[in-house]
Amino acid sequence: ADVISLPAKNGNVSFPHKKHQELLKDCKKCHEKGPGKIEGFGKDFAHKTCKGCHEEGKKGPTKCGECHKK
Ligand code: HEM
Ligand code: HEM
Ligand code: HEM
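Residues numbered from 1 in each chain as written. Chains lettered and ligands numbered in written order. Predicted model: local features only at pLDDT ≥ 70, side-chain atom pairs only at ≥ 80, totals over all residues. Heavy atoms only, no water.

*Asks:* Quick question: what am I supposed to make of the overall build of the protein here?
*Replies:* If you tally the helices and strands in the protein, you get 3 helices and 3 strands. Counting from the amino terminus, helix and strand elements in the protein follow one another as β-β-α-α-α-β. In summary, the protein has a C-alpha radius of gyration of 12 Å against a globular reference of 11 Å for 70 residues, a match within 12%. For the protein, the C-alpha atoms occupy an extent of roughly 30 × 25 × 20 Å along the three principal directions. Counting only residues that meet the buried cut, the protein has 13% of its 70 residues in that class. Long-range contacts, defined here as pairs at least 24 residues apart, represent 31% of the contacts in the protein between residues at least 6 apart. Surface summary for the protein: the accessible area is close to 6,000 Å², and the carbon and sulfur share equals 57%. Distance from the positive charge centre (16 side chains) to the negative charge centre (9 side chains) of the protein: 4 Å. (Helix = DSSP H or I, 4+ residues; strand = E, 2+ residues; numbered from the N terminus. Rg over C-alpha atoms; globule rule 2.2 N^0.38 Å. Buried < 20%, exposed > 50% of the residue type's maximum accessible area, 1.4 Å probe, protein only. Contact = heavy atoms within 4.5 Å. Areas by Shrake-Rupley, 256 points an atom, 1.4 Å probe, with all protein chains shown as cover. Lys, Arg positive; Asp, Glu negative; His and termini not counted. Charge placed at Lys NZ, Arg CZ, Asp CG, Glu CD.)

Structure below.
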């Protein structure tokens, strides 16, 4: 899917996967062990890897409500 819906009880996160593939090019930024399901994916990964990159690059959502939408 071009956009992957990541379920969270405080509001699902709509993740534009294809956009990130094109933008980052390097799959390993998220898929350490190769493409497919990410082992242990969840809150901690998301807040570290996703939010972390957005903060560092000053691009992309960093506030709760920008990712979590009810
Ligand atoms: C998971 C809260 C910011 C993306 C979660 C969960 C909570 C939470 C409580 C676990 C939900 C569950 O277990 O059902 C918050 C709060 C934030 C915040 C309070 C602000 C301080 C963000 C931001 C992003 C993000 C900025 C995007 C860059 C995600 C994702 C998940 C998640 C992708 C995992 C969903 C899954 O397991 O598939 N967050 N979040 N969150 N959060 Fe956040
Ligand atoms: C899921 C491939 C880059 C984050 C997937 C899946 C595949 C895949 C095959 C599982 C099936 C699907 O729903 O599509 C790739 C390839 C990449 C790439 C080939 C490089 C061209 C990225 C990047 C990120 C990312 C850069 C993060 C910014 C995710 C997430 C999932 C996923 C969060 C869902 C994981 C889960 O449910 O456990 N990817 N991906 N991917 N990808 Fe990627
Ligand atoms: C933008 C989610 C990981 C870099 C975004 C947007 C979302 C998002 C919802 C807004 C897209 C839009 O406005 O169309 C996530 C989630 C991640 C993740 C849930 C983890 C699974 C990453 C990582 C990086 C990154 C690891 C960098 C290494 C960016 C950048 C943008 C962005 C640069 C801005 C794109 C633009 O404005 O054109 N992300 N992201 N993201 N993300 Fe992520």
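*Asks:* What exactly am I supposed to notice about the coordination of the iron atom of ligand 2 here?
*Replies:* Tetrahedral coordination by four donors places them ideally at 109.5 degrees to one another around the metal; octahedral coordination by six donors ideally gives 90 or 180 degrees. Listed as protein donors to the iron atom of ligand 2 are His-17 (NE2) and His-31 (NE2); their distances from the metal cover 2.0 Å. Considering all 6 donor atoms around the iron atom of ligand 2, the spread of angles at the metal, 88 to 179°, places the coordination shape in the octahedral class. Remark: His-31 occurs in the loop between helix H1 (17-24) and helix H2 (43-57) and His-17 occurs in helix H1; sequence separation between them is 14 residues. With relative accessibility at 15%, the residue His-31 sits in the buried group. (Donors = N, O, S within 2.8 Å, 3.2 Å for Na, K, Ca; no water. Tetrahedral: all angles 85-135°; square planar, octahedral: opposite > 155°, others 65-115°.)

*Asks:* What is the right way to read the packing of aromatic side chains from this model?
*Replies:* For any pair of aromatic rings, the description rests on two quantities: the centre-to-centre distance and the angle between the ring planes. Applying the stated criterion across every chain, the model contains 1 aromatic pair. When the ring of Phe-41 is compared with that of Phe-45, the centres are 5.2 Å apart and the planes differ by 55°; the resulting orientation is tilted. Overall, the relative accessible area of 34% leaves Phe-41 in the partly exposed class. (Phe/Tyr/Trp six-rings, centres within 6.5 Å; stacked < 30°, edge-to-face > 60°.)

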